[in-house]
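Structural overview for review
Take a look at the letters that make up each chain.
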Amino acid sequence: MTRKHWIIGLVLGVVIAFLVGAAMTFADWQLNPAGIFHGPDGTNWGFVRNTFISWFLPTLPVALIAALVIIWFTSRPR
């Protein structure tokens with residue numbers, strides 16, 4: 001794999017992890033279990049941040065590995 005493939009794989013992995021974290025955070029914010037995400041005083045950004053991080057960090061290594069493996073399989077000579 002060339003340097004270009006590594007960069008594409010890393011960027012793709014970060015984007016996938018970001019999208020998963022953002023989607024799950026938005027879903028939790030909309031559902032607002034026990035009123036912890038928002039209320040009469042507005043959005044509780046601490047819970048929003050913690051929820052995003054709790055989805056982003058565990059997803060990141062999996063997404064990076066998956067993206068690099070996919071790029072490796074598609075870029076190798078046949």
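This is a predicted model, so every value here is computed, not measured. (Residues numbered from 1 in each chain as written. Predicted model: local features only at pLDDT ≥ 70, side-chain atom pairs only at ≥ 80, totals over all residues. Heavy atoms only, no water.)

Quick look at the environment of Ile 36 now. Secondary-structure assignment places Ile 36 in the loop between α1 (3-31) and β1 (38-39). With relative accessibility at 30%, the residue Ile 36 sits in the partly exposed group. In sequence terms Ile 36 and Leu 57 are 21 residues apart; their C-alpha atoms lie 21 Å from each other. If we skip the residues at most four places from it in the chain, Ile 36 touches Asn 44 and Phe 47. (Helix = DSSP H or I, 4+ residues; strand = E, 2+ residues; numbered from the N terminus. Buried < 20%, exposed > 50% of the residue type's maximum accessible area, 1.4 Å probe, protein only. Contact = heavy atoms within 4.5 Å.)

Helix α2 (residues 45-75) packs onto α1 with a crossing angle of 145 degrees between their chain directions and a minimal axis gap of 6 Å. Relative to α2, the crossing made by α1 is right-handed. Residue composition of the contact of α1 with α2, by class: 22 nonpolar, eight polar and one charged. (Axes fitted to C-alpha atoms, helices over the stretch in contact; angles between N-to-C directions. Left-handed = near helix turned anticlockwise from the far one by under 90°. Nonpolar A, V, L, I, M, F, W, Y, C, P; charged D, E, K, R; others polar.)

Summed over the entire model, instances satisfying the criterion amount to five aromatic pairs. Residues Phe 18 and Phe 52 carry aromatic rings whose centres are separated by 5.5 Å and whose planes lie at 65 degrees to one another, so their mutual orientation is edge-to-face. Taken as a pair, Phe 18 in helix α1 and Phe 52 in helix α2 lie far apart in primary sequence, 34 residues in all. Owing to a relative accessible area of 21%, Phe 52 belongs among the partly exposed residues under this scheme. Their ring planes at 65 degrees and their centres at 4.8 Å tell us that Trp 72 and Phe 73 sit as a pair that is edge-to-face. Under the relative-accessibility criterion, Trp 72 is labelled partly exposed at 41%. The exposure class assigned to Phe 73 is partly exposed, which follows from its relative accessible area of 42%. Each residue in the set Phe 18, Phe 52 and Phe 56 is aromatic and connected to the rest through ring pairs, giving one cluster. (Phe/Tyr/Trp six-rings, centres within 6.5 Å; stacked < 30°, edge-to-face > 60°.)

Here the focus is α2. A rise of 1.5 Å per residue sets the reference length of α2, with its 31 residues, at 45 Å; its end C-alpha atoms lie 42 Å apart and thus fit the reference within 8%. Leu 60 marks the point of greatest bend in α2, at about 35 degrees, and the proline Pro 61 comes within the next four residues. When α2 is considered as a whole, its buried residues turn out to be Val 48, Thr 51, Phe 56, Thr 59, Leu 60, Ala 63, Leu 64, Ala 67, Leu 68 and Ile 71. Along its buried surface, α2 packs onto α1 and β2 (42-43). (Expected span 1.5 Å × (residues − 1). Bend = angle between axes of the 7 residues up to and from the residue.)

Looking at the element boundaries, Val 48 is found in helix α2. Note: C-alpha distance between Val 48 and Phe 73 (25 residues apart in sequence) is 37 Å.

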